[in-house]
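Remarks on the overall topology
Listed below, chain by chain, are the residues.
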Amino acid sequence: MSGSTKEMKEKREGLVLGSIGGTPIILANSWFLIAAITVMIFGPQLERNFAGLGWRAYGVAFAYALLLLFSVLIHELAHAIAAKLYGWTTHKIVLNLWGGHTEFDFSKATPGKALVVAFAGPVANFVLAGLGWLVAMLLTEATTLTTVILVLLSNIFIWANLLIGAFNILPGLPLDGGRLVESIVWKTTGNQEKGTVAAGWAGRIIVVVMIAVVLAVPLLQGQQPELTTTFIVVLLAGFLWMGASASIKGATMRLRLPAVSAGTLATPAVSASIECTVAQLWTLRGQFPQEPIVLFGQDGRPTAVVDEYALAHVPPQAALITPASAVARSLSKGAYVPDVASGVELVSYLAQLPDTEYAVINLDGKVTGLLSQAKVVAAMTGKPIS
C-alpha cells in the first residue's frame, strides 16, 4: 500500500492525532458521539448532585470524556509497547466509540506472548487508578470549588480505570480477557483459530449475562430497569456481540483455509489456442460437451474463457472465419494458478486480481480446470453458492 493511500484510509477512519514509534494514533469519528452522550448523561447528574457546580457540571462531564479517552489511549499504548517488545509489527492504534483497539501482526505470536500483550492494557489501567488515588490523597482538604472539581475528577479517573481494567479482563473476545480463553485452547489443541472461536463464544455468553443482569435483577426486585444504564449496557452489548461474532467468523474462515485448494475446487476444463476458429471450437465442444474451454496465447499462458452463449450463436457460414477470441471473455494477466495452490497462498493471490474466474494449470503448464471466485468464497465461508 502506498503512503498516500494509507494516509487517506487513516483519515477516513477518523482524526489522526499523531504517531508514536511510527504507529499512527487515530481518533475514530464515533468517539465524538460517545463524548456527546457522556456530557448529556452525566452533566445533568453532576448538576443535581453538586449544586455548587452549576453550568460547570457539563464541563466536568466533558473532562470525564477526555480522561476516559486518555485512559483508553494508555491502555492501547501498553498493548503496542508489549507487542513491540516481542518484535511484532504494530500497524495502528484506533480510539473508537467504546474504547479502542491496537492492530498488530500476530504471525509471531505464541499463547504466552499473546496473553502478555493482551493483559498489558488492563494492567496499565490499574496502574493509572493507583496514580489517581495518590492524586486524590493529596487533595483531601478540598476547600475551594477548583479543588472540589479536581477531587471529583480524580475519583472519576480512579473508578473509570478500575472499570476499564476489570471489564477488559472478562474472559471473552473482543475483551482482552478473551485472550486467556484463546491461549488455553490454543495451547491445548495447538491451533490458534480454535482458541479464537472458543473465546468468541465466551464473549457472546458474557453479552447474554450482561443483559440478563441489567434487565432481570431489577425486575426480580420489583423495580423497573434504570433507563440510562439499560441504554448504555445495550449499546455496549451490541458492540461486544459484533466483536465476538467477527472473531468467530474470521477464525472459522481461517480454519477452512487448508481445504481451499485450486485443484479440488476447480471445474475440469479443456484448452485451445486463441488463434483457432469457432469451427475448431465447435469440434472441441463436440468432444467435450460439458467442460469450459480456456484459450491460451502464443506463450502458452491462459488468456481468455470461451463464452458459451456467444459460441452457440455464431452463424454456421461464419464459423470458419470467426476467430476464437471473438467469442471469449478475456482474463487478466496472470489470472491462472497451479492446481496445487491452496490456503492463504491461494486466497492472497486471487485477492490481487479483479477477475471472478481463474484458469487452473498443472505443473507442466497445461490447463486442467476453471476456478470461480464464488467457489472459493463458498469454501471459505461454508455457505452455498447463491
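For every chain, the first residue of the written sequence is number 1, and numbering continues from 1 along that sequence. Restriction of local features to residues with pLDDT of at least 70 applies here, the model being predicted, together with a cutoff of 80 or more for giving and counting side-chain atom pairs; totals for whole chains, interfaces and linings are based on all residues. Note that water and hydrogens are dropped before the side-chain values are worked out from all heavy atoms of the structure.

1. Observations concerning the environment of Thr110
A run of H or I in DSSP becomes a helix once it reaches four residues, and a run of E becomes a strand once it reaches two; helices and strands are each numbered from the N terminus. Assignment of secondary structure puts Thr110 in the loop between β4 (99–104) and α4 (111–138). Categorising residues by exposure relies on relative accessible area from a 1.4 Å probe, with only protein chains included: less than 20% of the type maximum marks a residue as buried, more than 50% marks it as exposed, and the intermediate range marks it as partly exposed. Its relative accessible area of 33% is what places Thr110 among the partly exposed residues. Along the chain, Thr110 and Thr144 lie 34 residues apart, while their C-alpha atoms are 53 Å from each other.

2. So, the nonpolar core
Residues Val260, Leu346, Leu350, Leu371 and Val376 are the most contacted members of the largest nonpolar core, which totals 24 residues. Contributing elements (two or more residues each) for this core: α9 (262–265), α12 (343–350), β11 (357–361), β12 (367–372) and α13 (373–381). Per element, the largest residue contribution to this core is 4 residues, and it comes from β11. Working rule for contacts: check all heavy atoms of both residues, and any pair within 4.5 Å makes them a contact. When residues no more than four places from it in sequence are discounted, the contact partners of Leu350 are Val337, Tyr358, Leu371 and Val376. Core analysis: the second largest hydrophobic core is formed by 17 residues, Leu281, Leu284, Leu311 and Ala318 among them. Only buried Ala, Val, Leu, Ile, Met, Phe, Trp, Tyr and Cys residues count toward a nonpolar core, and they belong to the same one when joined by side-chain atoms within 4.5 Å.

3. With respect to the pattern of salt bridges
For this analysis, a salt bridge means a side-chain nitrogen from Lys or Arg found within 4 Å of a carboxyl oxygen belonging to Asp or Glu. Considering all chains together, one arrives at 6 salt bridges under this definition. The salt bridge partner of Asp307 is Arg329, with a shortest N-O separation of 3.8 Å. A residue pair is termed long-range when its members are at least 10 positions apart, and Asp307 in the loop between β8 (302–306) and α11 (308–312) and Arg329 in strand β9 (residues 328–330) qualify at 22 residues. Assessed through its relative accessible area of 28%, Asp307 is described here as partly exposed. Look at Arg329 and you get partly exposed, because its relative accessible area is 35%.

4. Some words on the sheet that holds strand β1 (residues 14–20)
Taken together, 4 strands build an open sheet; the order of strands is β1-β2-β3-β4 and the sheet is mixed. Of all strands in the sheet, those with a lone pairing partner are β1 and β4, marking the two edges. Going across the sheet, the axis of each strand differs from the next one's by a mean of 20°, ignoring polarity. A strand pair is defined by DSSP finding two or more bridges across the two strands. Two strands pair when backbone bridges link them, and β1 and strand β2 (residues 23–28) are joined in this way by 6 bridges, in the antiparallel orientation. Along β2, the bridge assignment pairs Leu15 with Leu27. Here an angle of 0 to 180 degrees is reported between the N-to-C directions of two axes, which are lines fitted to C-alpha atoms, with helices fitted over the stretch in contact.

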